[in-house]
Amino acid sequence: MKVSERVDELVRILRPAGGGVYVVSTGLEAQRALQRRIYEVTHDAAVEHAWRVALERLDEARVVVLGVPSDCGAGFVRGANQGPAALRDALLSRPDTPYLADGVTDVGDVRVVPQLLTDAMLSEAQKAATRRALYGDAETALPVAPLDLCRLALTHVAALAPNAVPIVLGGDHSVSWPAFAAAHARGRRLGLLHFDAHTDLLPERLGIEHCFATWAYHANELLGRDGRLVQVGIRASGRTKEHWESTLGVRQYWPDELHTRSLEAIADDIIERFRARGVQAVYVSNDIDGTDERYVSATGTPAPDGPSPQQVRWLTRRVLKAFPLAGGDVVEVAPPLGQGDPHEPERTLHVAADYLDDLLSAGLSAGEG
Ligand SMILES: [Mn+2]
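Computed from a predicted structure; not experimentally measured.

### Focus: the overall build of the chain
For the chain, the helix and strand inventory stands at 13 helices and nine strands. Relative to the compact-globule value of 21 Å for 369 residues, the chain shows a C-alpha radius of gyration of 19 Å, a close match. The principal-axis extent of the C-alpha atoms belonging to the chain is close to 55 × 45 × 45 Å. Across the 369 residues that make up the chain, the buried fraction comes to 60%. Surface exposure of the chain reaches about 15,000 Å², of which carbon and sulfur atoms provide 50%. With 38 positive and 50 negative side-chain charges, the chain shows a separation of 3 Å between the mean positions of the two kinds.

### Structural notes on the environment of S123
By the secondary structure assignment, S123 is in the loop between β3 (104–110) and α5 (124–135). The spatial distance from the C-alpha of S123 to the C-alpha of E209 is 16 Å, given a sequence separation of 86 residues.

### A word on the coordination of the manganese ion
Each protein donor to the manganese ion is listed here as H173 (ND1), D196 (OD), D200 (OD) and D287 (OD); together their distances run 2.1 to 2.3 Å. In the primary sequence, the donor residues of the manganese ion line up as H-x22-D-x3-D-x86-D. Taken as a pair, D200 in the loop between β5 (190–195) and α8 (215–222) and D287 in strand β8 (residues 281–287) lie far apart in primary sequence, 87 residues in all. Note on accessibility: D200 and D287 belong to one class, buried.

### Digging into the state of the cysteines
For the structure shown, the criterion picks out zero disulfides. No disulfide involves C72; its sulfur sits 9.0 Å from that of C211, the nearest cysteine.

### Points about the pairing of strand β6 (residues 229–232)
Both faces of β6 are covered, namely the face carrying L229 and Q231 and the face carrying V230 and V232. The sheet contact formed by β5 and β6 spans four bridges and is parallel. Across the sheet, H194 pairs through a bridge with Q231, a residue of β6. A crossover connection joins β5 to the parallel β6 through α8; in handedness this β-α-β unit is right-handed. Summarising the sheet, β6 and strand β7 (residues 251–253) pair through three bridges and their orientation is parallel. The residue of β7 that forms the bridge with V230 is R251.

### Some words on the pattern of salt bridges
Tallied over the entire structure, the rule returns 30 salt bridges. The residue E48 makes a salt bridge to R15 at a minimum N-O spacing of 2.7 Å. Taken together, the residues span a long stretch of sequence, with E48 in helix α3 (residues 45–56) and R15 in strand β1 (residues 14–15) at a distance of 33 residues. Accessibility expressed as a relative area gives 35% for E48, which makes it partly exposed. One continuous salt-bridge network, built from bridges that share partners, spans R94, R313, R317, D354, D357 and D358.

### With respect to the packing of aromatic side chains
For the coordinates displayed, the defined rule picks out two aromatic pairs. A centroid spacing of 5.5 Å and a plane angle of 90 degrees characterise the contact between F180 and Y283, whose relative ring orientation is edge-to-face. Of the two residues, F180 sits in helix α7 (residues 176–184) while Y283 sits in strand β8, which places them 103 residues apart along the sequence. Across the pair, Y283 and F180 agree in class, each one buried. Ring geometry for F274 and F323: centres 5.8 Å apart, planes at 80 degrees, overall edge-to-face. A residue pair is termed long-range when its members are at least 10 positions apart, and F274 in helix α11 (residues 263–276) and F323 in the loop between α12 (309–322) and β9 (325–331) qualify at 49 residues. For the pair F274 and F323, a shared accessibility class is recorded, and that class is buried.

### Topic: the packing of α11 against α12
Orientation of α11 relative to α12, taken along the N-to-C sense of each, is 35 degrees, at an axis distance of 10 Å. Like other packed secondary-structure pairs, α11 and α12 cross with a definite hand, here right-handed. Along the contact surface, α11 presents L263, E264, I266, A267, D268, I270, I271, F274 and R275, while α12 presents Q311, W314, L315, R318, V319 and A322. Partitioned by chemical class, the residues of the contact of α11 with α12 number 10 nonpolar, one polar and four charged.

Criteria and thresholds
Residues numbered from 1 in each chain as written. Predicted model: local features only at pLDDT ≥ 70, side-chain atom pairs only at ≥ 80, totals over all residues. Heavy atoms only, no water. Helix = DSSP H or I, 4+ residues; strand = E, 2+ residues; numbered from the N terminus. Rg over C-alpha atoms; globule rule 2.2 N^0.38 Å. Buried < 20%, exposed > 50% of the residue type's maximum accessible area, 1.4 Å probe, protein only. Areas by Shrake-Rupley, 256 points an atom, 1.4 Å probe, with all protein chains shown as cover. Lys, Arg positive; Asp, Glu negative; His and termini not counted. Charge placed at Lys NZ, Arg CZ, Asp CG, Glu CD. Donors = N, O, S within 2.8 Å, 3.2 Å for Na, K, Ca; no water. Disulfide = S-S within 2.5 Å. Pairing = 2+ DSSP bridges. Right-handed = clockwise from strand over helix to strand, strands pointing away. Salt bridge = Lys/Arg side-chain N within 4 Å of Asp/Glu carboxyl O. Phe/Tyr/Trp six-rings, centres within 6.5 Å; stacked < 30°, edge-to-face > 60°. Axes fitted to C-alpha atoms, helices over the stretch in contact; angles between N-to-C directions. Left-handed = near helix turned anticlockwise from the far one by under 90°. Contact = heavy atoms within 4.5 Å. Nonpolar A, V, L, I, M, F, W, Y, C, P; charged D, E, K, R; others polar.

Geometry only, nothing functional implied.
So this is what it looks like as structure tokens:
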């Protein structure tokens, strides 16, 4: 496929950054105002052009940001579809953020039809109807559901910017499946560092193969269940740590271990584990609910007794000093939630923006080498 064909296809399947949530009246002006800020233009008409120019220069990128405002529900309450826009808004309010650095390209948002998750779940008639709505063409082979669109977009990004590190803004945690699979397809031997209160290790949930609760299971299968999945902060699970570790070969750090051992010892463990298994680069998936709910309650399933943001950041940075970043995501930030707390959602967004800044910085370093 030619470069221009890939850019054209990205323009068809994505929207300019901040525009992935489909709105017609409520929310429209706020969406447009954010897009004018992101693209530094004064008129809405200039947004599309600025976005296209950014896509055409993708070969200069060392880090690529992609928003996926997919929110098929983390089982309880929703709101993560607002994550990508709110995270960008939070980043733009930081003068020193690497989001604004040379070498970071925001390729935009997956255009999300909120009722859809994967194309495999859809009838041919439904796919044709949605293709007509999205592309004006019922016959095209383009996918229509957010996870498939995310995967296709990251495949084009990998071809257009082979050394760039992709960072995905969620969305619910289902988006990590296509994001991790795309990073894995690049051929390097990956370790997966996953912060979460939940294991996300179900093979399927209510008969659904790919969703927020199953992505880590499938990622671990891609890795061959050989111990390269490390989960930090797990504390809301129907099963014991021993169950998960013995059946799936993962390594989990639950709060008891996080509170009794030194972080340094835990970081050394993780680095040694990855080295022993020939890991060349690390993917970091950061579910915001892995962090203690005192710091992050604007999320669908907040959980007490977790690590502090300082602990999460310290571990992330330490591991990413030992290995280059292969890709990453920050997910499950749900700005409409956490209400009743006057500090939310700003506090959650602040913590999430810190996590993103760390990933973007690590991506810029990895993209250099
Ligand atoms: Mn999760």
